[in-house]
Structure formats: structure tokens, C-alpha cells
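# Residue-level structural notes
Chain by chain, the residues run as shown.
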Amino acid sequence: RLVTWTKSKKLRRLIVALTDERLNADLRTMAAIGLGKTGAKEATSALCDVLTGHGSAHLRRQCAAALGRIEDPAGFDALLAAADDTEIIVRRPAISALGPRIDDSRAQILGPLLTDPERDIREAAYVAVGRSRITDKLGILIRGLADPDDNVRSIAAAQLGFLRDS
């Protein structure tokens, strides 16, 4: 019981550090990383608020990555908004984190990302496909093998390998 209370207290401190705009961006970024490592769904709301706010791109990036580790469905809308962020360093982890939250009813979200002009975005989209619950992900990943960029094709091939292993 003492261990649970201590973990809860640490979690609250990390959430306070993340959301305290008086703190510098580096400390807030470290709090986001720490919250992601906890995997605690209680952090989802705070991470979503900061992700969709106007903090530094590095802070938003770590919030997206933390939400990806937590895998709480409540983070979907914030991750979807971040997938269209002006900064690629925010978009990439947000898109990857969407993967487990995407099923056939949401598969259309990935369409434009799979053909995005930015290689990094296409790579993240193929990672999301591999992590998704889309029934035709095999077909989508095979189409990724025809991408004009070697790195994107490698990502699609790696995701196909993960399918084989699962």
C-alpha cells in the first residue's frame, strides 16, 4: 500500500512538472519522458493538453511519444491533431502512436500520410500500419514496398517481418 501511495505521489509530481508553464521546457520535457515510462493512464489528460498546446516542439514530441507508450484510447484526438502539427519532429511520433488505436473504421486516416511528400511522415505511417488493427494491413504494407524512397521501403519490409513473427 505504501508503494502504491509513493508511485501515486511521484506521478502527481511529474504531472505538475509537465503542466507548470513557469518551468523551463527541458524540465517539462523530462517530465513527459518520465510519464511515458510510467505507462500510467492517469497522465493521458495532461499529456494531451500539453501536446495540443503551444509549448516547444521538443516538449510536444515527447508528449506524443509518451502517449504512444501509454496506449490509452483517450489520447486519440490529441495524437490525430498532432499528426498535422507544423513540426515534423512532433508529427512522426504522433503518427506512430496512432497505430494501435487505428482499426478498419479509422484506416482512412492513414491514407494521406502514406503518400505525404515528407519521407519521415511516410515512414511513421507505415509503422502505424504495422501496429494497427487494420485487417488489410498486409496489402497496405506490400504497397509500401513500391515507395520511391529506400528508407520507407525498408520500414514497410520491417513491418511485414513483424507481421510474420506475430
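See the structure shown above.
So, a few notes on the structure that sits alongside this text. Being a predicted model, the structure only gives us computed values, none of them experimental.

About the thresholds
- Residues numbered from 1 in each chain as written.
- Predicted model: local features only at pLDDT ≥ 70, side-chain atom pairs only at ≥ 80, totals over all residues.
- Heavy atoms only, no water.
- Phe/Tyr/Trp six-rings, centres within 6.5 Å; stacked < 30°, edge-to-face > 60°.
- Lys NZ or Arg CZ within 6 Å of the ring centre and 35° of its normal.
- Core = buried A, V, L, I, M, F, W, Y, C linked by side-chain atoms within 4.5 Å.
- Buried < 20%, exposed > 50% of the residue type's maximum accessible area, 1.4 Å probe, protein only.
- Helix = DSSP H or I, 4+ residues; strand = E, 2+ residues; numbered from the N terminus.
- Contact = heavy atoms within 4.5 Å.
- Salt bridge = Lys/Arg side-chain N within 4 Å of Asp/Glu carboxyl O.

## Overview of the packing of aromatic side chains
Aromatic ring pairs are described here by two measures, namely the spacing of the ring centres and the angle between the planes. Throughout the structure, instances matching the rule amount to zero aromatic pairs. When the ring centre of Phe76 is taken as origin, the NZ or CZ atom of Arg106, which lies over that ring, is 3.7 Å away.

## Some details on the nonpolar core
Within soluble globular proteins, side chains that are nonpolar generally end up buried alongside one another. Core analysis: the largest hydrophobic core is formed by 48 residues, its most contacted members being Leu18, Leu47, Leu51, Cys63, Leu79, Ile95 and Leu110. Broken down by element, the residue count for this core peaks at seven residues, all from helix α4 (residues 57-70). Beyond its immediate chain neighbours, meaning those up to four positions away, Leu18 contacts Arg28, Ala31, Ala32, Leu35, Ala46, Leu47, Val50, Leu59 and Cys63.

## Quick look at the pattern of salt bridges
Applying the stated criterion across every chain, the model contains ten salt bridges. The shortest N-O distance in the salt bridge between Arg131 and Glu71 comes to 3.1 Å. With Arg131 in helix α8 (residues 119-131) and Glu71 in the loop between α4 and α5 (76-82), this residue pair connects regions lying 60 residues apart in the sequence. Classification of Arg131 as partly exposed rests on a relative accessible area of 32%. You can call Glu71 partly exposed: its relative accessible area is 40%. Here Glu123 makes a salt bridge to Arg92, at a shortest N to O gap of 2.7 Å. Within this pair, whereas Glu123 is found in helix α8, its partner Arg92 is found in helix α6 (residues 88-98), the two being separated by 31 residues in sequence.

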